[in-house]
Amino acid sequence: MLTLENVTVRFGGLTAVKDVSFSMGTDQVLGLVGPNGAGKTTLFNAISGLVRPGGGRVMFNGVDLTRKPLHSRAHHGLGRTFQIPQPMHELTVRENLLVAQRFGAGKVDHKRLDEIMDFMDLGDQADRNAATELALQELKRLEVAKAMATEPRMLLLDEVLAGLETNGKRHFTARLQDMHKRFKIGILIIEHDIETVSSLCHRVVVLNFGEILADGTPDAVFRDPEVVRSYTGGGEDA
Amino acid sequence: MQKRMIVALALFYVVVPVLLNGNNYILSLLVSSLIVAGMAVSWALLGNLGGMVSFGHAAFFGIGGYASALLVTKLGLPVMVAIPAGGVAAVLASVFMLPALRLSGPYFALAILAYAHIFKILATEFSSLTGGSAGLSSIPGLPDIFGFNLSSRLGAYFVVLSLVLMFCWVYGRIRRSDYGTALRAMHDSEDATRVVGVNSLMLKSWMLFVSAFMGGLIGAFNAHVINFLEPDYAFNSAWSVLPIVAAIFGGYRTVYGPAIGAVVIYLVDQLVFKEIMSTGHQLILGAVLAGMILFAPDGLMRLFKRKPQEARNAHT
Ligand SMILES: Nc1ncnc2c1ncn2[C@@H]1O[C@H](COP(=O)(O)OP(=O)(O)O)[C@@H](O)[C@H]1O
Ligand SMILES: [Mg+2]
């Protein structure tokens, strides 16, 4: 169970995330939507420890993570991907996953790594240099694979489906659904495409100017006139 | 690979001693060059694995030397116990440097430089213990072991050679381990590495400790070879600068490069440049280094390296 209590993040005069509170279980797939600049990535950063919230608390399975160092989140079962992929430089795809597994999950299991690579369609890329020899979509899959290798209970996915054409998106969405069901991993995903969110997520939280605008089932949320206005008025590309 | 290793060991442990036995001048130079080699490995480990450039390795060298000398002269510890204790003393001192690990590149380098200076001042001011600027003299030499006199030139050569080879072995082991892989990943992508669970600060701290231990150990060994210490000598910036020059010359990203670079540079400087120019011969060294950085920034070892694919095949 991930619980956010009045999480607030400020950058100088700008309040990027304001008093955000919600809970979700690992049995859920929750879509986090909202126009560009709404504070979605910043909220991920606050949850995963890349920025210190100016106020509020981040709880995971009863543990207060708010002041815990970045690396310890993985040990508590919280994984994340980066909107702009951040492969570990100088390492191959396999070495990236090995580091994630060894230090995130605390064990080395090569069979499991092969399984993750196959699952994310990276089997043929295993020995490539991650930073220099992968295409953008492969890098995004590596982001997910790295997070999976830490054996998380909950995954924060930041726009991993963006930029895919329709078929690719369906394929990847099915993979995520499969992962959620097979490995019992809760998913909090940032995604713009309404159709994808509707098919993948049990629940949607809409963020606008750092605040929660709506929280409910995809059907209800995407019919909410205020949400529709923020989407069409916010210069959204989706 | 294995075969080359055996040939090298036979050369170092049998051929060199047999050829040079009795030639105390060359043996002394070799011992001095291996002392620099030990410092160069210590420096390169912190630089290449920890990603931290140190301008103050003289601190570890000096602390190790003083600690070991004092443990023997004041507390009567056996020399062979005091020398590793000198390494431990350098590790303890490095604990005070931990806050500097949060600093980035050049700031860390300067912070360590400042630390080295502080320890030099301490060694000068605590004169009741350290003898102040006059220093410590008659520091006991290395003992006899199984009737073999380690304090002879040849004995010192065997000891320091073994230390340097051990350092290289440890360095290589760490580098090949999962910790080494994570450290490599941290250089250019620290957040991405931390987010998957790597405690980067702890790994860097460990590299600082291992590096400090090596530096302290070499400093301690040296104190018992020259039997004399003073702050200006033990904390001399040469102990910070020579290892850097040697490591860059030999290739600081390789395991054996820094050690080989140290021996080559030291011997060439003493045997060739000094003959040509008895004063200011370091100038030639400076010019060679500048040339190296301009034309072969990866160092000497790179020139001997096979192509990456061949090297990879050789591993399996
Ligand atoms: N490190 C930062 N420093 C200053 N401002 C930031 C920083 N990160 C994000 N912001 C600002 O915070 C707001 C929210 O950004 P972000 O969380 O990236 O939005 P989203 O992911 O929803 O598109 C934006 O106005 C952005 O410019
Ligand atoms: Mg974003």
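Here, the structure is the one placed above.
A. View of the overall build of chain B. For chain B, the count of helices and strands is 16 helices and four strands. Since a compact globule built from 316 residues should have a radius of gyration of about 20 Å, the 19 Å found for chain B is in line with a globular shape. On the principal axes, the C-alpha backbone points of chain B span a range of 50 × 45 × 40 Å. Sorting the 316 residues of chain B into buried and exposed places 48% on the buried side. The contacts of chain B with a sequence gap of at least 6 include a subset with a gap of at least 24, amounting to 75%. Within the structure as shown, chain B displays about 15,000 Å² of accessible surface, and the carbon and sulfur contribution to it stands at 67%.

B. Examining the coordination of the magnesium ion (ligand 2) more closely. Residue and element names in this part refer to chain A. For the magnesium ion (ligand 2), every protein donor is listed as Thr41 (OG1) and Gln83 (OE1), and the spread of their distances is 2.0 to 2.2 Å. Highlighted residues: Thr41 in helix 1 (residues 40-48) and Gln83 in the loop between strand 6 (78-80) and helix 3 (93-105), separated in sequence by 42 residues. Residue class for Gln83 comes out partly exposed when judged on its relative accessible area of 33%.

C. Region of interest: the side chain of A:Thr173. Residues and elements named next belong to chain A. Within the fold, Thr173 resides in helix 6 (residues 166-183). Residue classification places Thr173 among the buried positions, given a relative accessible area of 7%. Excluding anything up to four places from it in sequence, Thr173 contacts Leu161, Thr196, Ser199 and Leu200.

D. A look at the site of ligand 1. Residues and elements named next belong to chain A. Every residue near ligand 1 is listed here: Phe11, Leu14, Ala16, Pro35, Asn36, Gly37, Ala38, Gly39, Lys40, Thr41 and Thr42. Measuring from an oxygen atom of ligand 1, one finds a backbone N or O atom of Gly39 at 3.0 Å. Contact distances for ligand 1 include 2.6 Å between an oxygen atom and a side-chain N or O atom of Thr42. Put simply, the parts of the chain that give the shell around ligand 1 at least two residues each are strand 2 (14-24) and helix 1. Per element, the largest residue contribution to the shell around ligand 1 is three residues, and it comes from helix 1.

E. Molecular detail of the interface of chain A and chain B. Taken together, the contact pairs 23 residues of chain A with 18 residues of chain B. Carbon and sulfur atoms supply 63% of the area that chain A and chain B bury against each other, a total of about 1,900 Å² over both sides. The largest per-residue losses of area from chain A upon contact with chain B belong to A:His71, A:Glu90 and A:Phe103, which jointly make up 32% of the total buried on that side. The interface formed by chain A and chain B includes two salt bridges. A salt bridge links B:Arg184 to A:Glu95; its shortest N-O distance comes to 3.5 Å. Where chain A touches chain B, the interface holds eight residue pairs in polar contact (both at pLDDT 80 or more). At the level of elements, helix 2 (70-75) and helix 3 of chain A are the ones that each hand at least two residues to the side of chain A that touches chain B. For the side of chain A that touches chain B, the element with the most residues is helix 3 of chain A, which contributes seven residues. Tallied by class, residues from the side of chain A that touches chain B come to 12 nonpolar, six polar and five charged.

F. Spatial organisation of the nonpolar core. Ranked by internal contacts, the top residues of the largest apolar core, which has 141 residues, are A:Met148, A:Leu176, A:Met179, A:Ile189, B:Tyr157 and B:Phe221. Here this core gets 16 residues from one element, more than from any other, and that element is helix 2 (residues 24-49) of chain B. Taken together, domain 1 (2-77 + 152-230) and domain 2 (87-151) of chain A each give at least three residues to this core, which thus spans both. Those residues in contact with A:Ile189 that sit more than four places away from it in its chain are A:Leu30, A:Gly31, A:Leu32, A:Leu157, A:Val160, A:Leu161, A:Leu176, A:Leu200 and A:Cys201.

G. Spotlight on the packing of aromatic side chains. Summed over the entire model, instances satisfying the criterion amount to 10 aromatic pairs over all chains. A centroid spacing of 6.3 Å and a plane angle of 55° characterise the contact between B:Phe148 and B:Phe158, whose relative ring orientation is tilted. Taken together, the positions of B:Phe148 in strand 3 (residues 148-149) and B:Phe158 in helix 7 (residues 153-176) put the pair 10 residues apart, joining distant regions of the chain. Judged by its relative accessible area of 34%, B:Phe148 falls in the partly exposed class. Aromatic pair B:Trp206 and B:Phe209: ring centres 5.9 Å apart, planes at 80°, arrangement edge-to-face. Placement of both B:Trp206 and B:Phe209 in helix 10 (residues 200-226) is noted, with a separation of three residues, approximately one turn of the helix. The exposure class assigned to B:Trp206 is partly exposed, which follows from its relative accessible area of 48%. Members of the aromatic cluster, joined through ring pairs, are B:Tyr13, B:Phe148, B:Tyr157 and B:Phe158. A cation over a ring is seen here: A:Arg112 above A:Phe183, with NZ or CZ 4.6 Å from the ring centre. Lying over the aromatic face of A:Phe119, A:Arg175 brings its terminal NZ or CZ to 5.5 Å of the ring centre.

What counts as what
Position numbers for residues count from 1 along each chain, tracking the sequence in the order it is written. Whichever chain is written first is A, and whichever ligand is written first is 1; the rest continue in order. The predicted nature of this model means local features are confined to residues of pLDDT at least 70 and side-chain atom pairs, given and counted, to a pLDDT of 80 or more, with totals for whole chains, interfaces and linings taken over all residues. Hydrogens and waters are ignored; side-chain quantities use all the structure's heavy atoms. The way it works is that DSSP assigns letters per residue, a run of H or I at least four long becomes a helix, a run of E at least two long becomes a strand, and they are numbered from the N terminus. With the radius of gyration taken over C-alpha atoms, the globule rule is written as 2.2 Å times the number of residues to the power 0.38. Relative accessible area decides the class of each residue, using a 1.4 Å probe on protein chains only: under 20% of the type maximum gives buried, over 50% gives exposed, and in between gives partly exposed. Only heavy atoms matter for contacts: two residues are in contact if any of them lie within 4.5 Å across the pair. Computed with a 1.4 Å probe, the accessible areas rest on the Shrake-Rupley method; for each residue, only the protein chains presented here act as cover. Each metal's donors are the N, O and S atoms found within 2.8 Å of it, except that Na, K and Ca use a 3.2 Å limit; water is left out, so coordination can look incomplete. We call a residue near a molecule or strand as soon as one heavy atom of that residue lies within 4 Å of the molecule or strand. Nitrogen and oxygen atoms within 3.5 Å of one another constitute a polar contact, given that in protein one can donate a hydrogen and the other can accept it, and given that sequence-neighbouring residues count only through two side-chain atoms. Note on terms: buried area is the combined drop in 1.4 Å-probe accessible area of two parts once they are placed together, counting the loss on both. Basic side-chain nitrogens of Lys or Arg form a salt bridge, by our definition, when they fall within 4 Å of a carboxyl oxygen of Asp or Glu. Residues are sorted three ways: Asp, Glu, Lys and Arg are charged, Ala, Val, Leu, Ile, Met, Phe, Trp, Tyr, Cys and Pro are nonpolar, and all the rest, Gly among them, are polar. In this description, a nonpolar core means a group of buried Ala, Val, Leu, Ile, Met, Phe, Trp, Tyr and Cys residues linked to one another through side-chain atoms lying within 4.5 Å. Domain start and stop positions are those given by an automatic or database domain assignment. For this analysis, a ring pair means two rings from Phe, Tyr or Trp (six-membered ring only for Trp) whose centres lie within 6.5 Å, classed as stacked if their planes differ by under 30 degrees, edge-to-face if by over 60, and tilted for the remaining angles. Remark: a charge is flagged as sitting over a ring if the NZ atom of Lys or the CZ atom of Arg is within 6 Å of the ring centre and within 35 degrees of the ring normal.

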